[in-house]
Amino acid sequence: MVFPVKPFVPSEPVTLSPEQVGELNQKLSTMRHDVNGALAVIVATVELLRMKPQEAGRFLASLGEQPSRIEACVKTFSADFEKTLGIRRPATLPPTNSHGFQHQHPA
């Protein structure tokens, strides 16, 4: 079972400079580009698998790499976003996955 982890958010309004907004926007643009690139690889690989199923082994490695690439892009942007806005994750809780849920291991 997983539970959402509640981060610590600032208690006062956060003001960003135009430079900070521009930097965050650039990081968002980079994340979108990288995620879209990984999704394009997934789509292209599926099409190749349909056309050449006998070469599945060759294509599966590339297909398998894409989820971790997407997760890394989202994690990087999330960390920058949280840092810029002063959002902190509780230090005493286990790390979360890319959906903001902590993993619960059976006792």
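So, here's what we can say about the structure. (Residues numbered from 1 in each chain as written. Predicted model: local features only at pLDDT ≥ 70, side-chain atom pairs only at ≥ 80, totals over all residues. Heavy atoms only, no water.)

What about the packing of helix α1 (residues 18-51) against helix α2 (residues 56-85)?
One way to put it is that α1 packs onto α2 with a least axis distance of 9 Å and a crossing angle of 165°. With respect to α2, the axis of α1 lies roughly antiparallel. Our pair here, α1 against α2, has a crossing hand that is left-handed. In terms of residue class, the contact of α1 with α2 is made up of 19 nonpolar, four polar and three charged. (Axes fitted to C-alpha atoms, helices over the stretch in contact; angles between N-to-C directions. Helix = DSSP H or I, 4+ residues; strand = E, 2+ residues; numbered from the N terminus. Parallel < 35°, antiparallel > 145°, perpendicular 65-115°, else oblique. Left-handed = near helix turned anticlockwise from the far one by under 90°. Nonpolar A, V, L, I, M, F, W, Y, C, P; charged D, E, K, R; others polar.)

Quick look at the pattern of salt bridges
The final tally for this structure, using the stated rule, is seven salt bridges. Taking the shortest distance from any N to any O, the salt bridge between R50 and E47 comes out at 2.7 Å. Placement of the pair is R50 and E47 together in helix α1, with a separation of three residues, close to one helical turn. A salt bridge links E71 to K75; its shortest N-O distance comes to 3.7 Å. (Salt bridge = Lys/Arg side-chain N within 4 Å of Asp/Glu carboxyl O.)

Brief notes about the side chain of Q66
Here Q66 is to be found in helix α2. Since its relative accessible area comes to 1%, Q66 is described here as buried. Here Q66 is in contact with A38, V41 and I42, once residues within four sequence places are set aside. (Buried < 20%, exposed > 50% of the residue type's maximum accessible area, 1.4 Å probe, protein only. Contact = heavy atoms within 4.5 Å.)

Description of α1
For α1, with 34 residues, the first-to-last C-alpha span of 49 Å sits near the 50 Å given by 1.5 Å per residue. Within the sequence span of α1, burial applies to L24, M31, V35, A38, T45 and L49. Considering only its buried residues, α1 is in contact with α2. (Expected span 1.5 Å × (residues − 1).)

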